[in-house]
Amino acid sequence: MAKEHVLDPSPQTVHWGYIGGPQRPALTVDPGDLLTLRSVSGDPADPVPEDWISEPLKTIHAEVRDKGPGVHILTGPVWVNGAEPGDTLAVTIGPIRPTAPYGFNYMGPTSGLFREEPEVAETAVIAYDEERQNGFLGRIKVPLRPFFGIVGVAPPESWGRISSVIPGRYGGNMDNKELIEGTTLYLPVLRDGALFYAGDGHGAQGDGEVNVTAIETSLEGRFEFGLIKGTGQRWPYAKRGSLLISMGFDEDLTAALKDSVRQMMELLEDGYGFSAMEAYRVCSLAADFRITQVVNGVKGVHGMLDTSVIAEEGA
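Residues numbered from 1 in each chain as written. Predicted model: local features only at pLDDT ≥ 70, side-chain atom pairs only at ≥ 80, totals over all residues. Heavy atoms only, no water.

Asks: Give a description of the overall build of the chain that names residues and reports values.
Replies: Helix and strand counts for the chain stand at 3 helices and 21 strands. Taking 315 residues into account, the globule formula puts the C-alpha radius of gyration at 20 Å, and the chain, at 19 Å, falls close to it. Projecting the C-alpha coordinates of the chain onto the three principal axes gives extents of approximately 65 × 45 × 40 Å. When burial is assessed residue by residue, the chain has 53% of its 315 residues classed as buried. Considering only residue pairs separated by 6 or more positions, the chain has 75% of its internal contacts joining residues 24 or more positions apart. (Helix = DSSP H or I, 4+ residues; strand = E, 2+ residues; numbered from the N terminus. Rg over C-alpha atoms; globule rule 2.2 N^0.38 Å. Buried < 20%, exposed > 50% of the residue type's maximum accessible area, 1.4 Å probe, protein only. Contact = heavy atoms within 4.5 Å.)

What follows is the structure in structure tokens.
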């Protein structure tokens, strides 16, 4: 029988600014189990009303001293029984909701697409309506579409600690706005137990995330874990209904695009029986390739293909 688990953020259940290295699991689950995971985002020094700031956020800022080179507070890691290198962790994403009444958008010098703008750091606080369906900033009303900017597994322990900013084979800071409720994310297991984590909650984000942040916010999300043995998968990808989502990552945006197209071709070859050239043609005729983000050092491109265009073989 599947078990229900809850993982709240605390000084004992988060890691700040890094992924990987020696880590003690915050929780152990079995394949098929369900997890409600909560994350925090922000700083108690942000210019918001005192009663908006959660106690877990205050406590984590006050007590956590072991920090990596990144900026994200990540909840986890979660050990998945039976997961071994070479397997695939299939993470089905359930409902996601903001747990704070606000989010924020930070931009500053040396960050974002235009690294010389602005000349000084600016943080905009974005208040939500009572139903937490929209965020308001001056004349702007942004419908919330929450997702976790960081979802991933641990890299091999031999890699040591890696900044939470950099996405890679392990997933991590992908900032992919398509990882919403109803999506299954397929992650290559690179270490015993997988060591799953999530954080960097976003209330909404545009593709590209060009000024360096989205609507950063605290979130609660529900995840179901599946384990597929011996796949040899190398890079993350996702599915939602008939939608197939490939991903590419590289410091060079063109290389990231090529990686995303190549992965989509391979998914079509392996899952639908196309030849390489047929898959290449499908990518050009029916897939969209979008800039995921350009601000994490390693850039991202995700491909989106509605596979309902593919007829059953022999139809």
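Additional details are given in the paragraphs that follow.
Asks: Describe the packing of aromatic side chains, and please don't skip the residues or the numbers.
Replies: We describe a pair of aromatic rings using the distance from one ring centre to the other and the angle between the two ring planes. On inspection of all chains with the given rule, the structure shows 6 aromatic pairs. Plain terms: the ring middles of Phe148 and Phe223 are 5.6 Å apart, the flat faces sit at 50° to each other, and that makes the pair tilted. Of this pair, Phe148 sits in strand S12 (residues 147–152) while Phe223 sits in strand S17 (residues 219–228); the two residues are 75 residues apart in sequence, bridging distant segments of the chain. Across the pair, exposure class does not vary: Phe148 and Phe223 are buried alike. Feature note: the residues Phe148, Phe196, Phe223 and Phe225 constitute an aromatic cluster, connected by ring pairs. The residue whose ring lies beneath Arg161 is Tyr18, and the NZ or CZ to ring-centre distance is 3.7 Å. (Phe/Tyr/Trp six-rings, centres within 6.5 Å; stacked < 30°, edge-to-face > 60°. Lys NZ or Arg CZ within 6 Å of the ring centre and 35° of its normal.)

Asks: Report on the side chain of Asn173, specifying residues and quantitative values.
Replies: Mapped onto the elements of the fold, Asn173 is located in the loop between strand S14 (171–172) and strand S15 (184–188). Asn173 sits in the buried class, given a relative accessible area of 1%. A polar atom in the side chain of Asn173 sits 3.0 Å from the backbone oxygen of Val165. Excluding its chain neighbours within four sequence positions, the residues that come into contact with Asn173 are His72, Gly149, Ile150, Ser164, Val165, Ile166, Pro167, Asp200 and Asn296. (Polar contact = N/O pair within 3.5 Å; in protein donor to acceptor, adjacent residues only side chain to side chain.)

Asks: Please give an account of the environment of Pro146 that cites residues and values.
Replies: Looking at where Pro146 falls in the secondary structure, it is placed in the loop between strand S11 (140–143) and S12. The class of Pro146 is buried, set by a relative accessible area of 15%. Pro146 sits 35 residues away from Glu181 along the chain, and the two C-alpha atoms are 8.6 Å apart.

Asks: So what's going on with the sheet that holds strand S5 (residues 34–38)? Residues and values would help.
Replies: Pairing between the strands of a sheet is mediated by backbone hydrogen bonds and can be parallel or antiparallel. Pairing in this open sheet of 9 strands is mixed, and the strands run S1-S5-S17-S7-S15-S18-S19-S21-S20 from one edge to the other. With one partner strand each, in any of the chains shown, strand S1 (4–7) and strand S20 (287–293) form the two edges of the open sheet. Across the sheet, the axes of successive neighbouring strands diverge by a mean angle of 25°, strand direction being ignored. Where strand S7 (residues 88–98) lies against S15, 5 bridges are found, and the strand directions are antiparallel. (Pairing = 2+ DSSP bridges. Axes fitted to C-alpha atoms, helices over the stretch in contact; angles between N-to-C directions.)

Asks: Which residues make up the nonpolar core, and what are the values?
Replies: Counting 40 residues, the largest nonpolar core has Leu37, Leu89, Phe148, Leu185, Phe196, Phe223 and Phe225 as its most contacted members. Not counting chain neighbours up to four residues away, the residues in contact with Leu89 comprise Val80, Val153, Leu185, Tyr186, Leu187, Val189, Ala194, Phe196, Phe225 and Gly226. (Core = buried A, V, L, I, M, F, W, Y, C linked by side-chain atoms within 4.5 Å.)

Asks: Which residues make up helix H1 (residues 55–63), and what are the values?
Replies: Count 3.6 residues to each turn of an α-helix, and residues three or four apart come out pointing the same way. Listed in full, the buried residues belonging to H1 are Leu57, Ile60 and His61. End-on view of H1: buried residues confined to an arc of 95°, all on one side of the axis. Opposite the packed face of H1, turned more than 90 degrees from it, sit the exposed residues Glu55 and Glu63. Packing partners of the buried residues in H1 comprise strand S2 (14–16), strand S6 (73–80) and strand S8 (102–107). (Arc of directions from axis to C-beta.)

Asks: Quick rundown of a nonpolar patch on the surface? Include the residues and the values.
Replies: Taken together, Leu113, Phe114 and Val210 make up a surface patch of nonpolar side chains, about 300 Å² in accessible area. Within the element layout of this structure, Phe114 appears in the loop between S8 and strand S9 (122–128). (Patch = residues over 30% accessible without salt bridge, like charges linked within 9 Å, V, L, I, M, F, W, Y side chains within 5 Å. Areas by Shrake-Rupley, 256 points an atom, 1.4 Å probe, with all protein chains shown as cover. Salt bridge = Lys/Arg side-chain N within 4 Å of Asp/Glu carboxyl O.)

Asks: Give me the lowdown on the packing of helix H2 (residues 253–272) against helix H3 (residues 276–286), citing residues and values where you can.
Replies: Relative to each other, H2 and H3 sit at 120°, their axes nearing to 9 Å. Taken together, the axis directions place H2 and H3 in an arrangement best described as oblique. The handedness of the crossing between H2 and H3 is right-handed. For the pair H2 and H3, contact is made by Val261, Met264, Met265, Leu268 and Glu269 and by Ala276, Ala279, Tyr280, Val282 and Cys283, respectively. (Parallel < 35°, antiparallel > 145°, perpendicular 65-115°, else oblique. Left-handed = near helix turned anticlockwise from the far one by under 90°.)

Asks: Describe the pattern of salt bridges, and please don't skip the residues or the numbers.
Replies: As enumerated under the stated definition, the model contains 13 salt bridges in all. A single salt-bridge network, built from bridges that share partners, covers Asp8, Arg38, Arg97 and Glu220.

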